[in-house]
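Observations on the model geometry
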Amino acid sequence: MRSMFSRFAIFLCLVFWGIGVSAQDPDFHIYLCLGQSNMEGAARAEMQDSTVNPRFLMMSAVDCVKPARQMGKWYPAVPPLCRCRTNLGPADYFGRTMVENLPEKVKVGVIVVAVGGCKIELFDRDNHADYVATAPGWMKGMLAEYGGNPYGRLVDMARLAQKDGVIKGILLHQGESNINDTLWPQKVKQVYENLLSDLKLDPRQVPLLAGEVVHADQQGVSASMNQIIGKLPTSIPTAHVISSAGCTDGRDNLHFNAAGYRELGKRYARKMLALQGYPIHSGNPLFTHLFTADPAPIVYRDTLFLYTGHDTASVMATNYKMPDWCVFSTTDMVNWTDYGVCLSPQTFSWATGDAYAAQCIERNGRFYWFVSTFHKSDENSKGGAAIGVAVSDRPTGPFTDAIGKALIVNEMTTDMKHAWDDIDPTVFIDDNGQAYMYWGNGSCKWVRLKENMVELDSPIHTFMPRNFIEGPWLYKRNGLYYLVYAGAGTKPEMIEYCTADSPEGPWTYQGIIQENTPNSFTTHPGIIDYKGKSYFFTHNGTLPTGGSYRRSVCVDEMFYNPDGTIQKIIQTTQGVKAIIP
């Protein structure tokens, strides 16, 4: 009898255990969000933020009267997502972007526990009491809402959430209060490892995403902390840093504004989606926070770096204003890191004028950035377009003038009578080590370069590819050389190309591969093979207020015919799919 009762008790336990397991929905993805004021959210929510997909939920970590919420309960993720009186933050558009790109059956939930002005030490499981004991008076109320232990509250809420769904990641935004703290990555590692341990999580399934503080390009007062944040993946292999470059901020240069939070939240989501293997798209134009032009890609150590011009002309302008050049990078063609402005004509003592098309190339561990701008009237030139070379030991700089003078000045080319024919350099290193530079407007010019990349190794040659206007791009594929350029076609400008069996020609015209780009009378090619696919970069004028002097870089996949000729480029707004590792 006792044996039968024991077996029955065991059966009941198994039944109830099974019910508990089945109550956990594997399609309910939960994310833990922690940090300080930027994770709380410091921007007032606007009308566009007031509605939310019902598949995006938040668990309240505190009791609220307005909005009416109970701690530990799920609610539609309408801001505020942190405490009752907080505002819009990055978690808002993280969740919105996730549900937009995940299968319809998947729900997303966030739990946000953050305290404005706190150091990372507040989330130290074992020593937080010491921090709380010395916390400033203005922080006491926030701490009290979490029972004096924000870390403990986050863990308690996470355990409740695990009954409903599966924790898929941890989002961190903190660092302003730990500025210049070189031990910050190790402190974050301890918090992360404690969360994994307390919640029985596998780091391979639960990555840590850490956002940068307000970037230097927005005059962020804590921007120097981004260098320390950038070292986090060295301490935590499953950590990923989310760039804040271009994310706009408020007047205090410490907190993002609503637009900045939306963009930052989307960047968290894009990285998480890529890590989870979901097919997401970059979308064209690639960058929406500034106007970019004249793209030039290179691949270095498994990363694609993209060098661009920067349009800053006003909406009503009738000419270019291009003060500098920018650098971006990606490892999946969708998530881009913005390094901001990395070079300007002011780097060159001899230069004056705008930053026209340029290309960077690596040789022997150094990076040579060939740029076109205009020359001052001095003993070396009477002015006009010129080509200079900047050099750095890193793809993102800092760059310096490699030779202290222009490599090409207007007086060295006399076939064209206008003063702006020496622009748009493209540089190529052949398999035998010989380097070439092509450039020009109105006619195409080329020269060999010495191995040091800063001296000419042949006379300058001039020729006229069919319909050539400007912007040449030289490369080699399967033994065939390609010269791609902005051409007149049936109406300026289109992308046309020639092929040859030698980088010195003779060149055979092959036709038009890209029609006019939308809302821009100029176009510019940048072509690269990366991780098994070919990509074609150009620019158009399709951003709001965009145009021929306010252009935007785009990318689409490029395909070849069996004979090596290039198929017509299909310009899309969708862009390209993410490369899944």
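Everything here concerns the structure above.
Attention in this report is confined to the structure presented alongside it. (Residues numbered from 1 in each chain as written. Predicted model: local features only at pLDDT ≥ 70, side-chain atom pairs only at ≥ 80, totals over all residues. Heavy atoms only, no water.)

Some points on the state of the cysteines
A covalent bond between the sulfur atoms of two cysteines is referred to as a disulfide. Evaluated as defined, the whole model comprises one disulfide. There is a disulfide in this structure between C64 and C84, and the S-S distance comes to 2.0 Å. On the sign convention where negative is left-handed, the bridge of C64 and C84, at about -95° about the S-S bond, is left-handed. Of this pair, C64 sits in the loop between β2 (56-59) and β3 (74-76) while C84 is found in the loop between β3 and α3 (90-101), placing the two residues 20 residues apart along the sequence. C84 carries the same exposure label as C64, and that label is buried. Summary of cysteine pairing: C326 is not part of a disulfide, and the nearest cysteine sulfur, belonging to C342, is at 7.4 Å. Of the residues examined, C326 reaches a relative accessible area of 2% and is grouped as buried. Looking at C554, it has no disulfide partner, and the nearest cysteine sulfur is the one in C326, 16 Å off. Taking the relative accessible area as the measure of exposure, C554 reaches 4% and is therefore buried. (Disulfide = S-S within 2.5 Å. Helix = DSSP H or I, 4+ residues; strand = E, 2+ residues; numbered from the N terminus. Buried < 20%, exposed > 50% of the residue type's maximum accessible area, 1.4 Å probe, protein only.)

Regarding the sheet that holds strand β26 (residues 533-540)
One open sheet holds the three strands; their spatial order is β25-β26-β27, and the pairing between them is antiparallel. The open sheet has two edge strands with one neighbour each: β25 (526-530) and β27 (552-558). Direction aside, neighbouring strands of the sheet carry axes that sit 30° apart on average. Sheet topology places β26 next to β27; seven bridges connect them, and they run antiparallel. Paired with Y535 across the two strands is E557, which belongs to β27. (Pairing = 2+ DSSP bridges. Axes fitted to C-alpha atoms, helices over the stretch in contact; angles between N-to-C directions.)

Thoughts on the environment of P79
Structurally, the position occupied by P79 is in the loop between β3 and α3. Since its relative accessible area comes to 16%, P79 is described here as buried. The spatial distance from the C-alpha of P79 to the C-alpha of D294 is 40 Å, given a sequence separation of 215 residues. When residues no more than four places from it in sequence are discounted, the contact partners of P79 are A45, D49, L88, D92 and R96. (Contact = heavy atoms within 4.5 Å.)

Brief notes about the sheet that holds strand β7 (residues 239-242)
Reading across from one edge, β3-β2-β4-β1-β5-β6-β7 is the order of the seven strands in this open sheet, with mixed pairing throughout. This sheet does not close on itself; its edge strands, each paired only once, are β3 and β7. Averaged over all pairs of adjacent strands, the angle between their axes in this sheet comes to 30°, without regard to strand direction. The sheet contact formed by strand β6 (residues 208-211) and β7 spans four bridges and is parallel. Among the inter-strand pairings, A210 is bridged to a residue of β7, identified as V241. Seen against the sheet, helix α7 (residues 184-199) touches β1 (28-35), β5 (166-173) and β6 and runs at an angle of roughly 160° to β5.

Some words on α7
For α7, with 16 residues, the first-to-last C-alpha span of 23 Å sits near the 22 Å given by 1.5 Å per residue. Elements in contact with the buried residues of α7: β1, α6 (150-162), β5, β6, α8 (225-229) and α9 (232-235). (Expected span 1.5 Å × (residues − 1).)

Remember, this is a structural readout, not a statement about activity or role.
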